[in-house]
Amino acid sequence: LYRPACVVLLVSFSYLHFAEASLYLNHMYLTVAVTLLLPFLPANSCFSLDALLFPARYRRRTVPRWTRLVMQGVLLIVYTHAAVAKVNADWLRAEPLRHWLPKRKRMLGAVMEQES
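So, a few notes on the structure that sits alongside this text. (Residues numbered from 1 in each chain as written. Predicted model: local features only at pLDDT ≥ 70, side-chain atom pairs only at ≥ 80, totals over all residues. Heavy atoms only, no water.)

### A look at helix H1 (residues 2-19)
No. 1: Here H1 is 18 residues long and its end C-alpha atoms lie 25 Å apart, about the 26 Å a rise of 1.5 Å per residue gives.
No. 2: Taken together, the buried positions of H1 are Tyr2, Cys6, Leu10, Ser14 and His17. For H1, the angular spread of buried residues about the axis comes to 85°, placing them on one side. Along H1, exposed side chains directed more than 90 degrees from the buried face belong to Pro4, Val8, Val11, Tyr15 and Leu16.
No. 3: Looking at the buried residues of H1, the elements they touch are helix H2 (27-37) and helix H3 (49-53). (Helix = DSSP H or I, 4+ residues; strand = E, 2+ residues; numbered from the N terminus. Expected span 1.5 Å × (residues − 1). Buried < 20%, exposed > 50% of the residue type's maximum accessible area, 1.4 Å probe, protein only. Arc of directions from axis to C-beta. Contact = heavy atoms within 4.5 Å.)

### Brief notes about the packing of H1 against H2
For any two helices packed against each other, one specifies the inter-axial angle together with the distance between the axes.
No. 1: At a closest axis distance of 9 Å, the pairing of H1 and H2 adopts a crossing angle of 160°. With respect to their mutual orientation, H1 and H2 come out roughly antiparallel. Note that H1 runs across H2; the crossing there is left-handed. Contact with H1, carried on its side by Leu9, Leu10, Phe13, Ser14, His17 and Phe18, involves Met28, Tyr29, Thr31, Val32, Thr35 and Leu36 of H2 and no other residues of that element.
No. 2: Its residues placed into classes, the contact of H1 with H2 shows 8 nonpolar, 4 polar and no charged. (Axes fitted to C-alpha atoms, helices over the stretch in contact; angles between N-to-C directions. Parallel < 35°, antiparallel > 145°, perpendicular 65-115°, else oblique. Left-handed = near helix turned anticlockwise from the far one by under 90°. Nonpolar A, V, L, I, M, F, W, Y, C, P; charged D, E, K, R; others polar.)

In structure tokens form, the structure reads like this:
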């Protein structure tokens, strides 16, 4: 049940992400990358429907170390690329925040009233 569910999640989320450009958010690429890896990782050992229905086959107390290292590697690559991409003059002057924060003035309240 785990692997088919991962494939359905990957296909449906990827379709929504790539088909609708107006909903673009760069964190969705990370979600697509993680869901791309999930069918190949044994992540159904503890708290899954597979472990509940088939305890003799899937129930384990630990997860292999390589699965954790693979996920950490993906996060390292994605976040390192994001950090390097943001080392430019606009980000160092906080230009994206100057555009993003005023749109959320209602949420942030009096903090937005001050100009530094």
